[in-house]
Amino acid sequence: MGLRRALHQSWTVRAVDGTPHPHAGPPAPAHPSVRAGVPATVPGCVHTDLLAAGLIPDPYLDDNETRLTWIGRTDWRYETVFDWTPTGHERTDLVCEGLDTVAVIELNSHRLGETANMHRGYRFDVAGALRSGENRLSVTFTAPYAYAERLRAELGDRPGAYTEPYPFIRKMACNFGWDWGPTLVTSGIWRPIGLHAWNGIRIAEVRPLVSLRDGTARVAVHVRVEGADPTAAAEVTASLAGISGRTVIPAGRPDGVITLEVPDPALWWPRGYGEQPLHELVVTAGDEVWRGDIGLREVRLRTEDGAFTLAVNGVDVFLRGVNWIPDDCFPTRVRRDRYAARLAQACEAGVNLVRVWGGGLYESEDFYHLCDRLGLMVWQDFPFACAAYPEEEPIRTEVEAEAREQVARLTPHPSLVLWCGNNENLQGHAEWGWRERLEGRSWGSGFYLETLPRIVAELDPTRPYWPGSPYSGSMDLPPNDPAHGTLHIWDVWNERDYTAYRDYRPRLAAEFGFQAPAAYATIRRAIGDDPLQPGSPGMLHHQKAVDGDLKLAAGLEPHFPAPETFDDWHYLTQLNQARAIRLGVEHFRSLWPHCAGSVVWQLNDCWPVTSWSAVDGDGRRKPLFHALRSAYADRLLTVQPRDGGLVLAAVNDTGRPWRARALAVRHAFDGSALATQTLDLDVPPRAVATLELDAPVAGAGDPAGELIVVAAGERRALWFFAPDRDLSLPEPRFDAVTERVPDGLLLTVTAHTLLRDLAVFPDRLDPAAEVDDQLVTLLPGERARFVISTTDPRVDERALTRAPVLRCVNDVTAR
């Protein structure tokens, strides 16, 4: 049997003098520990090691980020000493699963090799270097800026959304800052490192390719081996669901295929479409054993007539999606429990697809394992984003090796349903003036249109590949054409009010978003401004979007009076974000099957920041989260303006017919009914029914003082005839009562007047507190119950019943 030994103990890290370069920036601080060395955690990175040693401040607080740029412009050396006793194996390798990024690896002063790619692993034969007794291993990292800026000078600059040199290094692009993230350029051993001693042959790769036909799952198990003796053949076996097979790989060949056929298979389905059974696949070769859970399912991408529709097991799926960014600037801090918490939040919000965005990473095995079990489909971008990328060496070879490794690694995961070549690079070349600035230089098209599709077709032809997003299916079409392929909608937020989402009829809305600040407790933890104001220094530093605060104000202006206090601003901007995305999602869902999905920008944050996220950098759910849960419900009622009138769209994303009687009522704000209409719903499975609202209901006598309420069972839709700033919302009157319940408090609000978008912010009283619902509109006489999870017995229950903890729009507009 092979022997594996992790090398994660007794590491130190220190700054070292590298080759001078013209853009080196300030030298490493003179603190002796930086050069003498501090204890290092492996896997980890320099920032977290220096933070643990007390040598740098927390980069997420206030503007500390600005004082840490020297870290990315410094060379660093990780070192450890370990004992080794020879095991008698024929071969021993040093296995580095992830080094960030440009490194030289030495064992006992023997240079084992070099690396230049965060997105792939490396394996080095340590014969001649490893010795009995004490061994010294070092990994020396070149400053990322030095490497990237040298390549930029050699290959010529490339245009992009940012001036940072990230296209010239195969590293997480958002390390260099983004319009929601800080500039914290890392170095370090960021994934496991260790020794692997083995005999005969080892299993280098297993790729189970699944297809379905005539009630049978056909699993072609592709196995690649490496032999210590190149003249020996390799016998390989595979077993799955009680079915076994074998093959012999002849000497001199690296791979073979075992085909297993599973009759009447239990299929894997996306959440909401069925169960997610997983089956253990066991592959053996000599003494080596590979085990992994796979799902039996088939995925197709339909693109006829401009469509972009994913079908799983022959069933078209509406993508209730979110975009995913790295959950921390320092990825090793994101362990399985954190992935589990964040992905559980996605499921709670009704999500069935997560797009792993191209400015980040190929995530860890934990991420994909969890998605497999939760039924969350994964759209995986290759890591290229918002820039022209050089196709010359050494980038070309690294991209090829990285893509081969990652496509093979992720093949077993049924959750992975789509490979995408890049984020916004095709659009940038076509529409953002890059073509002229490139002056004939390469920009990445060879990767997206040739290299990557070739590798996917070779290694995993069971999954669709799409060259980029946005992309319209042909280089002869504008990449962001709403009638074809995937669409990114950013004129809304940047230039137009969110009601303009209704102007679009996309085939798939792959990005659209609206900003809001983080939860109050998150802001207070991260920002020490006193007083706290939208434009105070710390708040401004944690707003990375160009003119972000001006756009927040512009977004409020059509809907609300100008906020007078920070508390009003915080509530209204969070509410505006929630309303914007709810409107967009409901509109896009009402267009099914013409529109086959909405992928909201974005689920999560990597630090405390004003951004487009539904869950902030501390993991707290913003009001958008609750709006998304409502808009992504399995069954949805939504009132939509169509052809000069109003219609009710009943969306049924379940496998059962939806038959119900809906009552549409036009109310005065005092609750009285002015007109009514009964609508009989008969919506087939996975379908949308559209019913016209009659003129007496759809037409307002007093637009400032009326609304429409449509209800069918627990489902409810609202329509106001005017923006809030023009409504005659009454002074809010209500009763609010709290009582202790297991694990927290129950807040009951009984309305005496119309209350619009009632919200509770318990984190203002207990940073750990959460509420189960938000943004509830009540007619006079109606009641809402909010369950507040808190373990703090000191929470001021009276404070829960008044501003700024308990809010509604009437607070602002009725002044």
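Remember, predicted model here, so these are calculated numbers, not experimental data.

A.B. asks: What am I meant to see in the overall build of the protein chain here?
C.D. replies: Across its full length, the protein chain carries 17 helices and 46 strands. Its C-alpha atoms give the protein chain a radius of gyration of 28 Å, within 12% of the compact-globule value 28 Å for 815 residues. Summarising its shape, the C-alpha atoms of the protein chain cover approximately 90 × 70 × 60 Å along the three principal directions. Looking at the 815 residues of the protein chain, the share that counts as buried comes to 61%. In the protein chain, of all internal contacts separated by at least 6 residues, the share reaching a separation of at least 24 is 70%. Carbon and sulfur atoms form 48% of the exposed surface of the protein chain, whose accessible area is close to 30000 Å².

A.B. asks: What is the right way to look at the packing of aromatic side chains in this model?
C.D. replies: The geometry of an aromatic ring pair is captured by the separation of the ring centres together with the interplanar angle, meaning the angle of the planes. Inspection of the entire model under this criterion finds 39 aromatic pairs. Each ring, one from tryptophan 11 and one from tyrosine 78, has its centre 6.4 Å from the other, and the planes form 65°; the classification is edge-to-face. One end of the pair, tryptophan 11, is in strand β2 (residues 11-16); the other, tyrosine 78, is in strand β4 (residues 75-84), with 67 residues separating them in the sequence. Accessibility expressed as a relative area gives 3% for tryptophan 11, which makes it buried. What makes tyrosine 78 buried here is its relative accessible area of 0%. Ring geometry for tyrosine 362 against phenylalanine 382: centres 6.3 Å apart, planes inclined by 85°, an arrangement best described as edge-to-face. With tyrosine 362 in the loop between β26 (353-356) and α5 (365-374) and phenylalanine 382 in the loop between β27 (377-381) and α6 (395-410), this residue pair connects regions lying 20 residues apart in the sequence. Of the two residues examined, tyrosine 362 and phenylalanine 382, each falls in the buried class. An aromatic cluster is present here, built from Tyr162, Tyr166, Trp178, Trp180, Trp357, Phe384, Tyr389, Phe447, Tyr448 and Trp601 joined pairwise through their rings.

A.B. asks: I would appreciate a short explanation of unusual backbone geometry in the present structure.
C.D. replies: Glycine aside, negative phi is the norm for most residues, and most peptide bonds take the trans geometry. The linkage connecting glutamate 393 with the following residue, proline 394, adopts the cis geometry, with an omega of 5°. Among the secondary structure elements, proline 394 is positioned in the loop between β27 and α6. Across the junction of alanine 803 and proline 804, the peptide omega takes the value 5°, indicating a cis bond. Structurally, the position occupied by proline 804 is in the loop between β45 (783-789) and β46 (806-807).

A.B. asks: Whenever I open this one, helix α13 (residues 548-556) confuses me. Can you help?
C.D. replies: Helical periodicity: at 3.6 residues per turn, an α-helix aligns residues three or four positions apart in one direction. Here α13 has its buried residues at Gly548, Lys551, Leu552, Gly555 and Leu556. Burial along α13 is one-sided: seen end-on, the buried residues are contained in an arc of 140°.

A.B. asks: Whenever I open this one, the pairing of strand β23 (residues 309-312) confuses me. Can you help?
C.D. replies: Regular strands have side chains that alternate between both faces of the sheet. Alternating residues of β23 divide into Thr309 and Ala311 and Leu310 and Val312, and every residue in both groups is buried. Of the pairings in the sheet, the one linking strand β22 (residues 299-302) to β23 comprises four bridges and is antiparallel in character. In the sheet register, valine 299 faces β23, and the bridge partner there is valine 312. Bridge count for β23 against strand β24 (residues 315-317) is three bridges, and the pairing is antiparallel. Looking at β24, one finds that leucine 310 is bridged to valine 317. Hairpin connection from β23 to β24: two residues lie between these consecutive antiparallel strands, with asparagine 313 at a positive phi of about 55°.

A.B. asks: Would you take a moment to explain the nonpolar core for this structure?
C.D. replies: Side chains that are nonpolar tend, in soluble globular proteins, to be buried together. Ranked by size, the top nonpolar core spans 156 residues in total, and within it Phe367 and Phe382 carry the most contacts. Among the elements that take part in this core, helix α14 (residues 566-590) stands out by supplying eleven residues, more than any other. If we ignore the near neighbours within four places in the chain, the residues touching phenylalanine 367 are Trp324, Tyr339, Leu343, Val354, Val356 and Val378. One finds Leu7, Trp11, Ala40 and Val42 within the second-largest nonpolar core, a separate group that totals 36 residues.

Conventions used here
- Residues numbered from 1 in each chain as written.
- Predicted model: local features only at pLDDT ≥ 70, side-chain atom pairs only at ≥ 80, totals over all residues.
- Heavy atoms only, no water.
- Helix = DSSP H or I, 4+ residues; strand = E, 2+ residues; numbered from the N terminus.
- Rg over C-alpha atoms; globule rule 2.2 N^0.38 Å.
- Buried < 20%, exposed > 50% of the residue type's maximum accessible area, 1.4 Å probe, protein only.
- Contact = heavy atoms within 4.5 Å.
- Areas by Shrake-Rupley, 256 points an atom, 1.4 Å probe, with all protein chains shown as cover.
- Phe/Tyr/Trp six-rings, centres within 6.5 Å; stacked < 30°, edge-to-face > 60°.
- Arc of directions from axis to C-beta.
- Pairing = 2+ DSSP bridges.
- Core = buried A, V, L, I, M, F, W, Y, C linked by side-chain atoms within 4.5 Å.

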